[in-house]
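Secondary and tertiary structure notes
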Amino acid sequence: MSFINYMAREINCKIVYYGPGLCGKTTNLQYIYERTNPDAKGKMISLATETDRTLFFDFLPLALGEIRGFKTRFHLYTVPGQVFYDASRKLILKGVDGVVFVADSQVERMEANEESVENLKTNLEEQGYKLEKIPYVIQYNKRDLPEVATVEELRQKLNPMNVPDYEGVARTGVGVFDTLKAVAKLVLTELRKGGP
Amino acid sequence: MVNPQMVMYEEEFNQIQNVVDRLVKDANAKVVFIVDKNGQLIAASGDVDNLDTTSLASLTAGNIAATGGMAKLLKENEFATQFHEGEKANIHIQLVGNRVILVVIFDSKSSLGLVRLRVRRASEELNNIFEALLKKVADPGADSPFAEITDEDIDNLFND
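Note that the structure is a prediction, hence the values are computed from the model and not measured.

What follows covers the overall build of chain A. Within chain A, the secondary structure is distributed over 5 helices and 8 strands. Seen in sequence order, chain A has helices and strands lined up from the N terminus as β-β-α-β-β-β-α-β-α-β-α-β-α. Scaling as 2.2 N^0.38, a compact globule of 196 residues should have a C-alpha radius of gyration of about 16 Å, and chain A matches this with 16 Å. For chain A, with 196 residues in total, the buried portion stands at 51%.

As structure tokens, then:
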């Protein structure tokens, strides 16, 4: 649910990075954080365990510029990917305007990807959303690793709706901004239609 | 539609700002701010210059969401009030009308009793303002400034 503030002439939107454990959601945000001008970003917050696994969420506020005199601000969140943190994932999806699904391209993680997409659908439905109705893009991450599935296979299993999808290597930044731009565009286009 | 879109107009913003400005004084607080349940900062007052209010807003919403999750498991509706006591600073968090969150940060110049008392009054006022705001937003006559944006406007955002 975006927030339009006429007083501050600002529009705020919430984007959630979803995906199985260790697929690279936090790495996406870290790369965006490192490569963004200091005046366009706030502090990145990571609520993580001692072993750097996301416990609750990561948060990164970004300012993208102005549209028709309104500052556009995007709040990027990740969910904890590990299966047993499902209660937390549901909370973070509240009020979401757009979703990025980060898939792990490794063959051995295909099942985890599919489970995570199903989990995303279920959790969105609990909040009254439908995945088909919200701005949604997919990133096939870790393309640099050996033993990865082909993009065709990933598409076939994870992208039946044919939403925008990108190959990524989040560690080095490949595809990270393409993915972000794609979801941001979809969110703004949705806003034009009159909001989610 | 799950939630009506959150929109803030000048008139209501000024009313809200008045309430938080007064609460800072009445409660002897350091900072007062209001966040919606999704973590968007709505208004702030007091000594906010040295404070990362954006981060605080998102963490407050996360906190309320987590507590709300616990409440659900215990078959409670909500835990509407939270208090965190530190060595120097204390935080009082109040859910208002199950929609926005009122946060008061205070130190030894104030007390929990005073803050609770003043927060109660401010909550009622805020609740009325947000109710009125919601009605206004739900009015089909309300127009969006984004209805007119073009693909070009959107593309321009991403031209580095």
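Facing the 38 residues of chain A at the interface are 32 residues of chain B. Ranked by the residues each element gives to the side of chain A that touches chain B, the list is headed by strand β4 (residues 54-67) of chain A, at 7 residues. Taken together, the residues of the side of chain A that touches chain B sort by class into 18 nonpolar, 13 polar and 7 charged. As judged from the 3 bridges shared by strand β1 (residues 3-5) of chain A and strand β1 (residues 6-8) of chain B, these two strands associate in the parallel manner. Bridging across to β1 of chain B, Asn5 of chain A finds its partner in Met8 of chain B.

What follows covers the nonpolar core. Formed by 96 residues in total, the largest nonpolar core has its most connected members in Val16 of chain A together with Ala29, Ile34, Val35 and Val104 of chain B. With 9 residues, helix α5 (residues 176-192) of chain A is the single largest residue contributor to this core. Aside from chain neighbours lying at most four places away, what touches Val104 of chain B is Leu23, Ala27, Ala29, Val32, His92, Val115 and Val119 of chain B.

Residues and elements named next belong to chain B. Here 5 bridges tie strand β4 (residues 81-85) to strand β5 (residues 90-96), and the two strands are oriented antiparallel to one another. What sits directly across from Gln82, in β5, is Ile93. As consecutive antiparallel partners, β4 and β5 are separated by 4 residues. Examined bridge by bridge, β5 and strand β6 (residues 100-106) share 7 bridges and lie antiparallel to one another. Following the sheet pairing, Asn90 is matched in β6 by Phe106.

We now examine helix α2 (residues 53-73) of chain B. All names here are of chain B. Between its terminal C-alpha atoms α2 stretches 30 Å, which fits the 30 Å expected from 21 residues at 1.5 Å a residue. Taken together, the buried positions of α2 are Thr54, Leu56, Ala57, Ser58, Thr60, Ala61, Gly62, Ile64 and Ala65. Positive backbone phi, approximately 60°, marks Lys75, located one or two places after α2.

If you check UniProt for "domain: Roadblock/LAMTOR2" (unreviewed entry), the listed places come out as residues 16-106 of chain B in our numbering. Along residues 16-106 of chain B the backbone is 35% helical and 34% strand, and the end-to-end C-alpha distance reaches 20 Å.

The subject of this paragraph is the packing of helix α1 (residues 10-26) of chain B against helix α3 (residues 112-138) of chain B. All names here are of chain B. Direction vectors running N to C along α1 and α3 enclose 175°, while the axes themselves pass 10 Å from each other. In terms of axis orientation, α1 runs roughly antiparallel to α3. Facing α1, whose interface residues are Glu12, Gln15, Ile16, Val19, Leu23 and Asp26, α3 presents Arg118, Ala122, Glu125, Leu126, Ile129, Ala132 and Leu133. Looking at the contact of α1 with α3 residue by residue, the classes come out as 8 nonpolar, 1 polar and 4 charged.

The rules behind these values
Every chain's residues receive numbers from 1 upward, in the order its sequence appears when written. A letter from A marks each chain and a number from 1 marks each ligand, given out in the order of writing. For this predicted model, a pLDDT threshold of at least 70 governs which residues receive local features, and a threshold of 80 or more governs which side-chain atom pairs are given and counted, while totals over whole chains, interfaces and linings are taken from all residues. Strands here are runs of E lasting at least two residues and helices are runs of H or I lasting at least four, both read from the DSSP assignment and numbered beginning at the N terminus. In this treatment the radius of gyration is a C-alpha quantity, and the globule benchmark scales as 2.2 Å times the residue count to the 0.38 power. Each residue is classified by how many other C-beta atoms fall within 10 Å of its C-beta atom, where C-beta atoms are placed from the backbone; a count of 20 or more means buried, 12 or fewer means exposed, and values in between mean partly exposed. Note that contacts rest on C-beta atoms placed from the backbone: two residues are in contact if these are within 7 Å. Polar here means any residue outside two lists: the nonpolar Ala, Val, Leu, Ile, Met, Phe, Trp, Tyr, Cys and Pro, and the charged Asp, Glu, Lys and Arg; Gly therefore counts as polar. Paired strands are those between which DSSP finds at least two bridges. A set of buried residues drawn from Ala, Val, Leu, Ile, Met, Phe, Trp, Tyr and Cys, joined through C-beta atoms within 7 Å, is what defines a nonpolar core. Helix span is expected to be 1.5 Å times the residue number reduced by one. UniProt positions are given in the numbering used here, feature names are shortened, and annotations may be inferred rather than shown by experiment. Note on geometry: axes are lines fitted to C-alpha atoms, helical ones only across the stretch in contact, with angles between N-to-C directions running from 0 to 180 degrees. Note on angle classes: values under 35 degrees are labelled roughly parallel, values over 145 roughly antiparallel, values of 65 to 115 roughly perpendicular, and the remainder oblique.

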